[in-house]
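Chain residues, written in single-letter form:
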Amino acid sequence: MRPDGKPSGCFFLRTFGIMNRLLLLLSLFTCKILSAQTLQLNIRHEVSGKPMLLDSTSYLNAMGETFSISVFKYYLSNFSLTTQKGQKIILPAAYFLISEDSAASKKIILKQLPAGTYSSISFMIGVDSIMNFSGAQGGALDPVHGMFWTWNSGYIMAKLEGTSPVTKHPNHVLQFHIGGYRAPHITQRTVTLELPRPLVIQRGQTVAVTLAADAASWFGEPFKISFREYAGFMSPGTVADRIADNYQHMFSVKGL
Amino acid sequence: MTRKAIYILAAFSLWLFIAGRGTHHIPATDPYILRLPDSLPRPVYDFSKNPLTKQGIALGRYLFYDPKLSLDSSVSCGFCHQQFAAFGHFDHAISHGILGRMGTRSVPTLFNLIWQKDFMWDGGVNHLEIQPLTPITDENEMGMELSALIKRLQGNAGYRQRFKAAFGTEEVTSQRMFRALAQFMATMISFESKYDSVMRKEPGVVFTAEERGGYRTFQQKCAACHKEPFFTDFSMRNNGLSYLSSMNDVGRMKITNNTADYLKFKVPSLRNVLVSAPYMHDGRFFDIFQVFAMYDHGQEKGNTIDPLVKDGIPLSEKEQRQLYMFLNTLTDRKFLANKEFSEILIAD
C-alpha cells in the first residue's frame, strides 16, 4: 500500500504474496535455530538448608546469633555455559533481579542457547561494571527497583534486610546493601557451578535446572560476620567485599 | 538458494520498515542541533543513546520546572536551580526542600554539564542522566520515591502525550524521564561571556586595563585548578577551607572511604561566578572577596590540602580588585536570559 492508501500496483501485490510466504517460512526457520533451546533456572532460597520464610522464621548465623529475613534480593547477569568439550558459550547479555517475595523472579529463562551437552554453568552475582556508569537503564536495571545508590552511583548487587535481637540498631534492624564496582571495593562475583551430570539440551528443547541459594552463606565462610559488630553495611567497603566473598558460595545445583 | 532468499527477505524488510514509517502514526521528532564552539573538546556525554530532539528537550524542560516531581508538589528542580543565578540558588548557602527541610550543601550551578564526568560536590554521581535521581529522592530535597514518581507521571495524560511526542509511545519510564532531563540540561551551554568574545577576537571587544590585569593574576594564581576554557579541571581537591564540626562534611572521602580524600570537593567552574554566590560546598561565603581572603590568609592546612594551594595564594588589594573585574567578564548574560531555558508554568 502506498501512504495514500491506494494499491501500489500488480507488481507489488504479486511480490508481496510470494515474499510474505517466504518471510513467514524464513522467520520460523531462523527463530528455531536461534532461540528454540531455552534453559530455565528455578531458584529456591534457603537458610542453612531450610526453606527461606520471610519475617516469620528465626535463623542462626555462624556466630550463633538469631536473625530473621524480610528482604532478600540480588542481581544475576553474564551467564555462560561450558560444554563437555570445554567450550565456553557466552549467552546474550541479560540482567535479572531475583527477589524472595516474587515467585516470577525466581524463574530465569535463558534464551538462544545452542543445542549441546553442558558440564557447567557460570554467572555473575551483580551487575557488570560498565552498566554501573552508563546512565539511566530500564528493565531489571531500572533504578525504580530500589537497587541503585543515589548518592554514590552504582548498583546494589545484593540486598538482605531483617532483624536480629543482638543489634543495637533501632528496631534491631539488619540492613546489608552490598555494592561497589570500582577498585579497590569491587563486589561483583562470578559463580561457576559444575553440574552433577552432563546436561543435554536437544534442538528445540527447554530444560530446567533447579538451584538453591542459601542466605546463611552471607555471614558464614570464609568471613564470619557477627551482627553485634555489623548490623548493616550500605556503601562500598571492606565489609561489603567480604560479604560478597561469602555469598559467592551461596548457590548449589539441586536438580536437572 | 538460502542466501538469495535472505537477500530478498532483507530487502523486503527494509521496504516494510520504510513503508511502515509513513502509515503507522509514529510521531516524528525534530532533531536538535547543539551548536558548540569548535575549540572545545568532545563532550563526555554520549549522545548516541539519547539523541537530542526538540520534543525531548521540551519534555525535559517541563519536568525540570514541574513541582509534581516532589513529594508534596512544592519543589521543582528549577526551585533551587534558578536561571538568573546560572542555575544555582540565589542567596541560599544550603539547599532546602520540601516541608522546610534543609540539606547539607549548596546548590551547584548548571551549565556545560556534557563535559562533566562526575557530579555533586563529592563527585559521587557518575552520569548526567542519573544525577537528578539524587535531589528527587533525597528526603531533604524533593523527597519523592522514584517508583511513586513514575506512577504519578503515568497517571497524567499530559505527560503521556509529552512522552509520546519525545519517545514515540506513551510509555512513561524512569529511563525516558532521566533522558529527557539530560537532553534539557545538555542544552545549557555557556560560552557567550565577554571573556569568550575577547578570546574569539570579536571586533570591538577588548578587556579593560583592570580586566586584563585580573586575567594575568588569574592565569598566574588560579588557572591551574580553574582551567580554561571550562574554568575548572573537574577534579576534587582540598583547597584549605576550614572544617566545620557543625557540618561534619568529609567530602570525597564519603564516596571512596579513602582517608586521602578527606575534605576534597569538586573544583567549581568560575564561569558566571559573580551571579552565583554564595560560594564553597557549604555556601559559607556570600562575597567573592571572602573567597580571596580565604586563599590569601584564611586556609586551614590539613594533611590532604592540595599542593597547589598549600602555601596560600597571596593576593594584594589591587590584584583582588582586578581579579573581581576579570571574573565579571565570565558572566554570560545571554545564557542567563536565554528564553529556551526560562521557567514555564505547569498548569496540570
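The rules we used
Residues numbered from 1 in each chain as written. Chains lettered and ligands numbered in written order. Predicted model: local features only at pLDDT ≥ 70, side-chain atom pairs only at ≥ 80, totals over all residues. Heavy atoms only, no water. 1 Å grid on protein atoms, 1.4 Å probe; cavity = no way out; pocket = protein on both sides within 12 Å on 5 of 7 lines; lining within 4 Å. Points joined across faces, edges and corners; volume = space filled by probe spheres on them. Helix = DSSP H or I, 4+ residues; strand = E, 2+ residues; numbered from the N terminus. Nonpolar A, V, L, I, M, F, W, Y, C, P; charged D, E, K, R; others polar. Domains from an automatic or database assignment. UniProt positions renumbered as here; feature names shortened; annotations may be inferred. Contact = heavy atoms within 4.5 Å. Buried area = accessible area lost by both parts, 1.4 Å probe. Salt bridge = Lys/Arg side-chain N within 4 Å of Asp/Glu carboxyl O. Polar contact = N/O pair within 3.5 Å; in protein donor to acceptor, adjacent residues only side chain to side chain. Buried < 20%, exposed > 50% of the residue type's maximum accessible area, 1.4 Å probe, protein only. Phe/Tyr/Trp six-rings, centres within 6.5 Å; stacked < 30°, edge-to-face > 60°. Core = buried A, V, L, I, M, F, W, Y, C linked by side-chain atoms within 4.5 Å. Disulfide = S-S within 2.5 Å.

Per an unreviewed UniProt entry, chain B goes by Cytochrome-c peroxidase and derives from Chitinophaga tropicalis.

## Some thoughts on the layout of surface pockets
All names here are of chain B. By volume, the second largest pocket amounts to about 890 Å³. In this structure, the second largest pocket is lined by 37 residues; those nearest its centre are Thr104, Met120, Thr134, Asp138 and Glu141. Tallying contributions element by element places helix H4 (residues 133-137) first for the lining of the second largest pocket, with three residues. Each residue belonging to the lining of the second largest pocket can be placed in one class, and the counts come to 17 nonpolar, 13 polar and seven charged. Composition of the lining of the second largest pocket by domain shows at least three residues from each of domain 1 (47-189 + 336-341) and domain 2 (194-331).

## As for the UniProt feature "domain: Di-haem cytochrome c peroxidase" (unreviewed entry) in chain B
The UniProt record marks residues 55-202 of chain B with the feature "domain: Di-haem cytochrome c peroxidase" (unreviewed entry), using the residue numbering of this structure. End-to-end, the C-alpha atoms of residues 55-202 of chain B are 34 Å apart, and along that stretch the chain is 39% helix and 0% strand.

## Points about the domain arrangement of chain B
Residues and elements named next belong to chain B. Annotation of chain B at the domain level lists domain 1 (47-189 + 336-341) and domain 2 (194-331). Each of domain 1 and domain 2 has a C-alpha centre, and these two points are 27 Å apart. Contact residues are listed per partner, giving 25 residues for domain 1 and 24 residues for domain 2. For the pair domain 1 and domain 2, the summed buried area comes to about 2000 Å², and 61% of that belongs to carbon and sulfur atoms. In this structure, the salt-bridge partner of arginine 105 is aspartate 249, at a minimum N-O distance of 2.7 Å. Run the count over domain 1 and domain 2 and you get eight residue pairs in polar contact (both at pLDDT 80 or more). In terms of residue class, the side of domain 1 that touches domain 2 is built from twelve nonpolar, nine polar and four charged.

## Structural notes on helix H3 (residues 238-247) of chain A
All names here are of chain A. Most of H3 is tucked away: seven of the ten residues are buried. All buried positions along H3 are accounted for by Val239, Ala240, Asp241, Ile243, Ala244, Asn246 and Tyr247. Packing partners of the buried residues in H3 comprise strand S8 (116-125), strand S10 (154-163), strand S11 (173-179), strand S13 (185-186), strand S14 (189-201) and strand S16 (232-233).

## Comments concerning the UniProt feature "binding site: heme c 1" (unreviewed entry) in chain B
Residues and elements named next belong to chain B. Per the UniProt record, "binding site: heme c 1" (unreviewed entry) is annotated on Cys77, Cys80 and His81. Among the annotated residues just listed, those lining the second largest pocket are Cys77, Cys80 and His81. By the secondary structure assignment, cysteine 77 is in helix H3 (residues 77-80). Take cysteine 77: its relative accessible area is 11%, and that puts it in the buried class. Setting aside residues up to four positions removed in sequence, cysteine 77 forms contacts with Leu63, Phe64, Leu69 and Met142. Checked against the element boundaries, histidine 81 lands in the loop between H3 and H4. What makes histidine 81 buried here is its relative accessible area of 15%. Sequence-distant contacts of histidine 81, that is, excluding residues within four places in its chain, are made with Phe64, Phe87, Gly88, Val107, Pro108 and Leu110.

## Points about the packing of aromatic side chains
The tally for this structure, following the rule as stated, stands at 49 aromatic pairs over all chains. Pairing phenylalanine 176 of chain A with phenylalanine 227 of chain A gives two aromatic rings, centres 6.0 Å apart and planes at 45°, and the pair type is tilted. In this pair, phenylalanine 176 of chain A is assigned in strand S11 and phenylalanine 227 of chain A in the loop between strand S15 (206-214) and S16, connecting sequence segments 51 residues apart. Between the aromatic rings of phenylalanine 87 of chain B and phenylalanine 341 of chain B, the centroid separation amounts to 6.4 Å while the plane-to-plane angle is 75°, which identifies the pairing as edge-to-face. Pair noted here: phenylalanine 87 of chain B is in the loop between H3 and H4 and phenylalanine 341 of chain B is in the segment after helix H13 (333-337), with a separation of 254 residues, a long-range link.

## Here's the deal with the nonpolar core
The biggest cluster of nonpolar side chains holds 123 residues, and the ones touching the most others in it are Trp218 and Phe251 of chain A together with Met177 of chain B. In terms of nonpolar packing, the next biggest core, distinct from the first, is built from 28 residues, Leu270, Val273, Val309 and Leu323 of chain B among them.

## Considering the state of the cysteines
Residue and element names in this part refer to chain B. Within the structure shown, the criterion is met by zero disulfides over all chains. Counting only cysteine sulfurs, cysteine 225 is the nearest neighbor of cysteine 222, a cysteine outside any disulfide, at a range of 9.0 Å. For cysteine 225, a relative accessible area of 12% puts it in the buried group.

## Some thoughts on the pattern of salt bridges
Residue and element names in this part refer to chain B. Considering all chains together, one arrives at 22 salt bridges over all chains under this definition. Across the salt bridge formed by lysine 310 and aspartate 311, the nearest N and O atoms sit 3.7 Å from each other. Residues joined by salt bridges that share partners form a network here, namely Glu192, Arg200, Glu202 and Lys334.

## Brief notes about empty space enclosed by the protein
Residue and element names in this part refer to chain B. Per the counting criterion, the structure on display carries one cavity of 30 Å³ or more. When its volume is computed, the largest cavity comes out at roughly 100 Å³. If you trace the largest cavity, you find 14 residues lining it, with Ser242, Leu263, Phe265, His281 and Arg284 closest to the centre.

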